[in-house]
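# Structural features, examined
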Amino acid sequence: MSHRFEIRVYYEDTDLAGIVYYANYLKFIERARTEWVRGLGIDQSRLKSETGIVFAVRRLEADYLTPARFDDLLTVETRLLEIGGARITLEQEVRRGETACFGARVQLVALSDTGRPARLPAELREVLARG
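So, here is what we can say about the structure in this document. (Residues numbered from 1 in each chain as written. Predicted model: local features only at pLDDT ≥ 70, side-chain atom pairs only at ≥ 80, totals over all residues. Heavy atoms only, no water.)

### Focus: the overall build of the chain
To keep things clear, this is the line we draw: Here a strand is any run of E in DSSP of at least two residues, a helix any run of H or I of at least four, and the numbering for each starts at the N terminus. To get the radius of gyration, use the C-alpha atoms; to get the globule rule, take the number of residues to the power 0.38 and multiply by 2.2 Å. For the accessible areas, the method is Shrake-Rupley and the probe is 1.4 Å, while residue cover comes only from the protein chains on display.
When its secondary structure is counted, the chain shows 3 helices and 5 strands. Helices and strands appear in the chain in the N-to-C order β-α-α-β-β-β-β-α. A globule of 131 residues ought to have a C-alpha radius of gyration of about 14 Å, and the chain, at 16 Å, matches this closely. The C-alpha extent of the chain, read off along each of the three principal axes, is 45 × 30 × 25 Å. Surface exposure of the chain reaches about 7900 Å², of which carbon and sulfur atoms provide 47%.

### Digging into the environment of Cys101
Worth spelling out the cut-off: Residue exposure (1.4 Å probe, protein chains only): buried if accessible area is under 20% of the type maximum, exposed if over 50%, otherwise partly exposed.
Secondary-structure assignment places Cys101 in strand S5 (residues 99–111). Looking at Cys101, the relative accessible area reads 1%, which means it is buried. Between the alpha carbons of Cys101 and Asp63 there is a distance of 8.5 Å; along the sequence they are 38 residues apart.

### A look at helix H1 (residues 24–39)
How we decide: Residue count minus one, scaled by 1.5 Å, sets the expected span of a helix.
With 16 residues, H1 ought to run about 22 Å at 1.5 Å a step, and its terminal C-alpha atoms sit 23 Å apart, in line with that. Every buried residue of H1 is listed here: Asn24, Tyr25, Phe28, Ile29, Ala32, Arg33, Trp36 and Val37. After H1 finishes, the residue Gly41 shows a positive phi value of roughly 85 degrees.

### Some points on the side chain of Thr14
Definition in use: Nitrogen and oxygen atoms within 3.5 Å of one another constitute a polar contact, given that in protein one can donate a hydrogen and the other can accept it, and given that sequence-neighbouring residues count only through two side-chain atoms. Throughout, a contact is declared for two residues whenever any of their heavy atoms are within 4.5 Å.
Summarising the element assignment, Thr14 is placed in the loop between strand S1 (2–8) and H1. At 2.7 Å, the side chain of Thr14 forms a polar contact with the backbone oxygen of Tyr11. Other than its neighbours up to four places away in sequence, Thr14 contacts Val9, Ile19, Val20, Tyr21 and Phe70.

### Concerning the nonpolar core
Quick note on the threshold: Throughout this description, the term nonpolar core refers to a set of buried Ala, Val, Leu, Ile, Met, Phe, Trp, Tyr and Cys residues connected via side-chain atoms within 4.5 Å.
Counting 30 residues, the largest nonpolar core has Tyr25, Phe28, Ile29, Ala68, Leu74, Val76 and Val94 as its most contacted members. Secondary-structure elements contributing two or more residues to this core are S1, H1, strand S3 (73–83), strand S4 (87–96), S5 and helix H3 (122–130). For Leu74, the residues in contact, after removing those within four places along its chain, are Phe5, Glu6, Ile7, Val9, Phe28, Ala68, Val94, Arg95, Arg96 and Cys101.

So this is what it looks like as structure tokens:
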């Protein structure tokens, strides 16, 4: 099961060479993760206010494959690979049509309001696993 999120490359996303600046791919995949969670019916603001839990990136492995350019329409695909007690591992790919531009393996950790790892509530784990 995967989630797809479309994003257009704007001029502000590019560097002097006219290609997407490398750090902007991280913004693209962050937006896609937010929309994936929202699409599952999880309100992250409510999750924080009711449980104190927020998600943070713990580890990220990135591969820059083919440059994207101004005005390209990109699709970010997000797939859940693994869900643990406090960790979620995702695979995300940014494509222009059939061409892969960027790929990442992202490990998220649930944190409490004290900044310590927090166990994901069972009902949240179930929703994520179904998504």
